[in-house]
Amino acid sequence: MSLATEHLAAADPVLGAFIARVGRLPPRPVDHAEPYEALLSAVAHQQLHARAAGAILGRLEALCGGTLPTPAALLALEDEALRGCGFSASKMAALRDVAAKAADGTIPTRGQAHRLADDELISRLTSIRGVGRWTVEMLLIFTLRRPDVFPVDDFGVREGFRVLHGLEAQPKPKALAQVGEVFAPYRTTAALYLWKASDLQKLELKR
C-alpha cells in the first residue's frame with residue numbers, strides 16, 4: 001500500500017477493505033496540460049455525451065489549425081464560426097468568458113496554478129460564466145493532480161460511499177464533506193476509489 005491508501009484504510013476500515021480487494025488503481029488519464037484548455041473542454045462537454053462534445057471540439061480545433069485556439073484567437077472568432085462548430089449561444093458566451101478570463105490573468109497558467117491553494121483556484125475559476133465548483137474540482141484532480149480534493153457534489157462519489165457502507169440513500173454533500181475530513185490529506189485518492197466502487201456497482205447491476 002502507498003502512504004495514501006494506508007492512511008485511508010486506517011481512517012475508514014470499510015474503504016480500506018475495498019482498496020485491498022481492488023488493488024492499485026490505474027494511473028489517472030492525462031488531461032489537458034493547461035487550465036485554460038481544460039475549461040474550454042469542460043464547457044464543451046456540459047450536458048453532452050462525450051463523443052458529441054469531442055466532435056464539437058474537433059471542429060473547433062480544425063477551424064484553428066489543428067489545435068485549441070489561444071484566448072486571443074477565440075475572442076476573434078465570429079459567432080457564426082463557433083455556431084458552425086456546434087456550440088449553443090450559452091456555450092459561446094461561456095467560451096468567450098473563459099478566453100477573456102485567461103487573457104486578463106484570472107485563469108492562471110499551469111505554472112502559476114501550482115503556487116495557488118485549492119480554495120483560491122476555486123474562488124477564481126467559479127467567477128467564470130458556466131463554471132461551477134464541480135468543474136473546478138475536476139480540473140484540480142485531473143489537470144493539476146491535486147492530492148486533497150473531495151468532490152462531495154459528485155453523484156459517483158456519493159454513490160460509491162453509499163454502496164461501500166450499505167446505506168439506503170446517498171449521504172448529503174455537507175454530511176459527506178464532514179465524514180471525508182478524516183481522509184485528508186489524501187481525499188483525491190478516496191474519491192478515486194469511491195468512483196471505482198460506484199462503477200463496479202453499475203457493472204453488477206447490468207449482469
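Higher on the page you've got the structure.
In this text the structure is predicted, and so the values were computed from the model without any measurement. (Residues numbered from 1 in each chain as written. Predicted model: local features only at pLDDT ≥ 70, side-chain atom pairs only at ≥ 80, totals over all residues. Heavy atoms only, no water.)

(A) Layout of helix 4 (residues 50-63). Here helix 4 is 14 residues long and its end C-alpha atoms lie 20 Å apart, about the 20 Å a rise of 1.5 Å per residue gives. Of all the positions in helix 4, only Ala53, Ile56, Leu57 and Leu60 are classed as buried. For helix 4, the angular spread of buried residues about the axis comes to 95°, placing them on one side. Exposed and facing more than 90 degrees away from the buried side of helix 4 are Arg51 and Ala62. Along its buried surface, helix 4 packs onto helix 3 (35-45) and helix 6 (79-85). At the C-terminal side of helix 4, glycine 65 shows a positive phi close to 80°. (Helix = DSSP H or I, 4+ residues; strand = E, 2+ residues; numbered from the N terminus. Expected span 1.5 Å × (residues − 1). Buried < 20%, exposed > 50% of the residue type's maximum accessible area, 1.4 Å probe, protein only. Arc of directions from axis to C-beta. Contact = heavy atoms within 4.5 Å.)

(B) Local environment of the packing of helix 3 against helix 4. Their axes nearest at 9 Å, the elements helix 3 and helix 4 cross at an angle of 125°. Between helix 3 and helix 4, the interaxial angle falls into the category oblique. The handedness of the crossing between helix 3 and helix 4 is right-handed. Here helix 3 contributes Leu40, Ser41, Ala44 and His45 to the contact with helix 4, which in turn contributes Ala50, Ala53 and Leu57. Split into classes, the residues belonging to the contact of helix 3 with helix 4 amount to five nonpolar, two polar and no charged. (Axes fitted to C-alpha atoms, helices over the stretch in contact; angles between N-to-C directions. Parallel < 35°, antiparallel > 145°, perpendicular 65-115°, else oblique. Left-handed = near helix turned anticlockwise from the far one by under 90°. Nonpolar A, V, L, I, M, F, W, Y, C, P; charged D, E, K, R; others polar.)

(C) Representation of the nonpolar core. Ranked by size, the top nonpolar core spans 55 residues in total, and within it Leu15, Phe87 and Phe150 carry the most contacts. Broken down by element, the residue count for this core peaks at seven residues, all from helix 13 (residues 187-206). Discounting residues that sit within four places of it in the chain, phenylalanine 87 has contacts with Ala44, Ile56, Leu60, Leu82, Met92 and Leu95. (Core = buried A, V, L, I, M, F, W, Y, C linked by side-chain atoms within 4.5 Å.)

(D) Broad picture of the layout of surface pockets. Its boundaries defined by the atoms lining it, the largest pocket holds a volume of some 440 Å³. Every residue lining the largest pocket is counted, 19 residues in all, and those nearest its centre are Ser2, Arg24, Leu25, Thr189 and Tyr193. Contributing elements (two or more residues each) for the lining of the largest pocket: helix 1 (3-11) and helix 13. For the lining of the largest pocket, the class distribution of residues is ten nonpolar, five polar and four charged. Taken as a whole, the second largest pocket spans an internal volume of roughly 300 Å³. In terms of lining residues, the second largest pocket is bounded by 14 residues, among which Asp31, Ala38, Ala42, Trp134 and Met138 are the most central. Going through the elements one at a time, helix 3 and helix 10 (133-142) are the ones with two or more residues in the lining of the second largest pocket. When the residues that make up the lining of the second largest pocket are grouped by side-chain class, the tally is seven nonpolar, six polar and one charged. (1 Å grid on protein atoms, 1.4 Å probe; cavity = no way out; pocket = protein on both sides within 12 Å on 5 of 7 lines; lining within 4 Å. Points joined across faces, edges and corners; volume = space filled by probe spheres on them.)

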